[in-house]
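Below are the chains, spelled out letter by letter.
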Amino acid sequence: MDVFGNHMAGKKKLVFGVSVVAGLVIAAIGLYVGYFAVGKRALPHTQVGSVNVAGMTEQEIAHTLDDTLATKHVVISGNGIEETPARMADLGVSVQTGKLARSVVAQSRSLRALVTAPFTHTRIAVPVSSDPRALMNFTSRLDSALPSATKPVNPTIVSQNGTFIVKPGKNGNGVIPAPLKAAAERVLATQADVRVAPQIGSVEPTITVEALQAKANAANELIAPNVSLRVGSKTVEASANDKAAWVDLSTDHPRVADAKVKEYVNKLSTPLNVDPIVGLRYLNSHGDVTLVKTQARPGVTVTNTDQLVDEICANITAKKATNAAFVTSTAPEQWKEKTIADGAEKLVYPAAAGEKWIDVNLATAQMSAYEGATRVRGPIKVITGIPPKFSTIQGTFQIERKYKTKTMRGTDFDGTQYVDPGVPNAMFFQGGYAIHGAPWWSAHSWATKRYGSHGCVNTPPAEAAWLYGWAPLGTTVVTHR
């Protein structure tokens, strides 16, 4: 009985011990899963490059990589180059740190990875993106210290008789970019500064002929479809050079630039667009047209320019030909009409009935005042500007300023400055040109020279006083020969 009891007690103790151990194992597994999977942390023995990130969250990993990008350097010195620190951005190297951190932490959601992680090592390379132009710009700055350095010349795509071809580039000589990029990758892998001696030698262009040839081929294929537009009675077919000018090569894939096509279409449409002219005709008191001063011309406008541009671009993209026509719209004629005094159509100015105006005939050196077609004063003998330097301006004007007396200033015939105070009854009709009284006026002066002023209309004082009182501001003044 005692032996059996002892055996049972021992068995119970064993079961209890196993249960405790099993419970501890389960608890440990729970803590392990909770810490890494639920907590979204990098698994044990996980490295990004050569840096241990086990137990780090996505944010911590991304922050560490961002800090490396911002603060760690490739330190370049030797071979004629003074010590120059370069950050990753200087070398055109970048990393999608958030994406990389997410991929690292995502492994903790894999059951297999959770099970094997404690017994294996996982090293994740840092995937980098590089900008060859930025790297080349940086090496060019280093090259400035090298007297023998020459820049490489990239191949380019050019249009030759409407066909895109690749013009070869040329190797340069200077700091070779590839070792600097490799050093930047080591910085990201170790998250520490890396020192490197620059390698000097032949430097290839950043763009290959093969890559550009594929782009040139795509551009040629793009402009292959025919484009014909009917312009009035004729048909114009876009030449190869025309279509080549439409291509935008600034992006990775050639495309047709809408603005360039619009430029072409607008140029073709120019002869079809006609600006309207508003006609001017004069009517007598009975409403009859007595004079057509300006013949009206209807305006013509192309109405489908934007539609043609859209059609051409869409067809080229779809590798289809275009055969279209300009559509125009003609506006009705427009006229302005003025009822004038009977007989005014025979005068230099078709005045309305009763309208005050002044006729200055430079050929006869005479001036008259009219109301409508009736002369109410004159002809008045006047002296006008000496040609050619001081000729009185010709045209149709309005009196814009009036002064009972005015001090006149200007440049005299001999180049000296003159000042004439107290000039009476001055009426300015255009800038410095005026009708004014001339106390120095005389019949003898008019008879012997007629042209003797600096451009103004010199008038006998009594006549100038009458005109001043008769003509309000805005009165039309016509000077002519």
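Above this text is the structure in question.
Before going into details, it helps to say that this report is about the structure given with it. (Residues numbered from 1 in each chain as written. Predicted model: local features only at pLDDT ≥ 70, side-chain atom pairs only at ≥ 80, totals over all residues. Heavy atoms only, no water.)

Some words on the packing of helix α2 (residues 58-71) against helix α3 (residues 97-106)
Look at α2 against α3: their axes get within 8 Å of each other, and the N-to-C directions meet at 140°. Relative to α3, the element α2 lies oblique. Here the hand of the crossing between α2 and α3 comes out right-handed. Across the interface between the two elements, Glu58, Ile61, Ala62, Leu65, Asp66 and Leu69 from α2 touch Thr97, Gly98, Leu100, Ala101, Arg102, Val104 and Val105 from α3. A breakdown of the residues in the contact of α2 with α3 according to their chemical character gives eight nonpolar, two polar and three charged. (Axes fitted to C-alpha atoms, helices over the stretch in contact; angles between N-to-C directions. Helix = DSSP H or I, 4+ residues; strand = E, 2+ residues; numbered from the N terminus. Parallel < 35°, antiparallel > 145°, perpendicular 65-115°, else oblique. Left-handed = near helix turned anticlockwise from the far one by under 90°. Contact = heavy atoms within 4.5 Å. Nonpolar A, V, L, I, M, F, W, Y, C, P; charged D, E, K, R; others polar.)

Some thoughts on the nonpolar core
Residues Ile61, Val74, Leu91 and Leu180 are the most contacted members of the largest nonpolar core, which totals 34 residues. Where this core is concerned, the elements lending two or more residues are α2, β3 (74-78), β4 (81-86), α3, α5 (132-143), α6 (177-190) and β11 (194-196). The residues touching leucine 180, leaving out its near neighbours within four places in the chain, are Ile76, Leu91, Leu135, Phe138, Thr139, Leu142, Val175 and Val196. Core analysis: the second largest hydrophobic core is formed by 30 residues, Val166, Ala216, Leu229 and Ala324 among them. (Core = buried A, V, L, I, M, F, W, Y, C linked by side-chain atoms within 4.5 Å. Buried < 20%, exposed > 50% of the residue type's maximum accessible area, 1.4 Å probe, protein only.)

As for the packing of α5 against α6
α6 packs onto α5 with a crossing angle of 115° between their chain directions and a minimal axis gap of 10 Å. Taken together, the axes of α5 and α6 lie roughly perpendicular to each other. Seen from above, α5 lies across α6 with right-handed handedness. Taken together, the residues of α6 that come into contact with α5 (itself represented by Leu135, Met136, Phe138, Thr139 and Leu142) are Pro177, Leu180 and Lys181. Its residues placed into classes, the contact of α5 with α6 shows six nonpolar, one polar and one charged.

Side note on the pairing of strand β20 (residues 322-325)
Note on strand geometry: in a regular strand, side chains alternate between the two faces of the sheet. Residue alternation in β20 divides its side chains into a buried set, Thr322 and Ala324, and an unburied set, Asn323 and Ala325. Pairing of strand β13 (residues 227-231) with β20 involves four bridges; the strand directions are parallel. Paired with serine 228 across the bridge in β20 is asparagine 323. (Pairing = 2+ DSSP bridges.)

Some thoughts on the pairing of strand β33 (residues 476-480)
Taken across its five residues, β33 has five buried, putting it largely inside the fold. Here β33 shows no split at all, with Thr476, Val478 and His480 on one side and Val477 and Thr479 on the other all buried. Across five bridges, strand β23 (residues 356-361) lies against β33 in parallel orientation. For isoleucine 358, the partnering residue across the bridge sits in β33 and is valine 477. Where strand β27 (residues 395-398) meets β33, four bridges bridge the pair, whose relative direction is antiparallel. The partner of glutamine 398 across the bridge, within β33, is threonine 476.

Brief notes about the environment of tryptophan 440
By secondary structure assignment, the location of tryptophan 440 is in the loop between β30 (433-437) and α11 (443-448). Tryptophan 440 gets classed as partly exposed once you look at its relative accessible area, which sits at 46%. Tryptophan 440 sits 20 residues away from proline 460 along the chain, and the two C-alpha atoms are 8.5 Å apart. Dropping the residues within four chain positions of it, tryptophan 440 is found in contact with Val423 and Asn458.

Structural notes on the sheet that holds β11
Read across the sheet, three strands follow the order β4-β3-β11 without closing on themselves; strand pairing throughout is mixed. In the strand order of this sheet, the two ends are held by β4 and β11, each with one partner. The sheet shows a mean angle of 15° between the axes of neighbouring strands, direction not considered. When β3 meets β4, the two strands line up antiparallel, connected through four bridges. Note on β4: the bridge partner recorded for glycine 78 is isoleucine 81. Of the strands in this sheet, β3 and β4 are in contact with α5, which crosses β4 at around 155°. Docked against the sheet, α6 engages β3 and β11, running at close to 160° with respect to β11.

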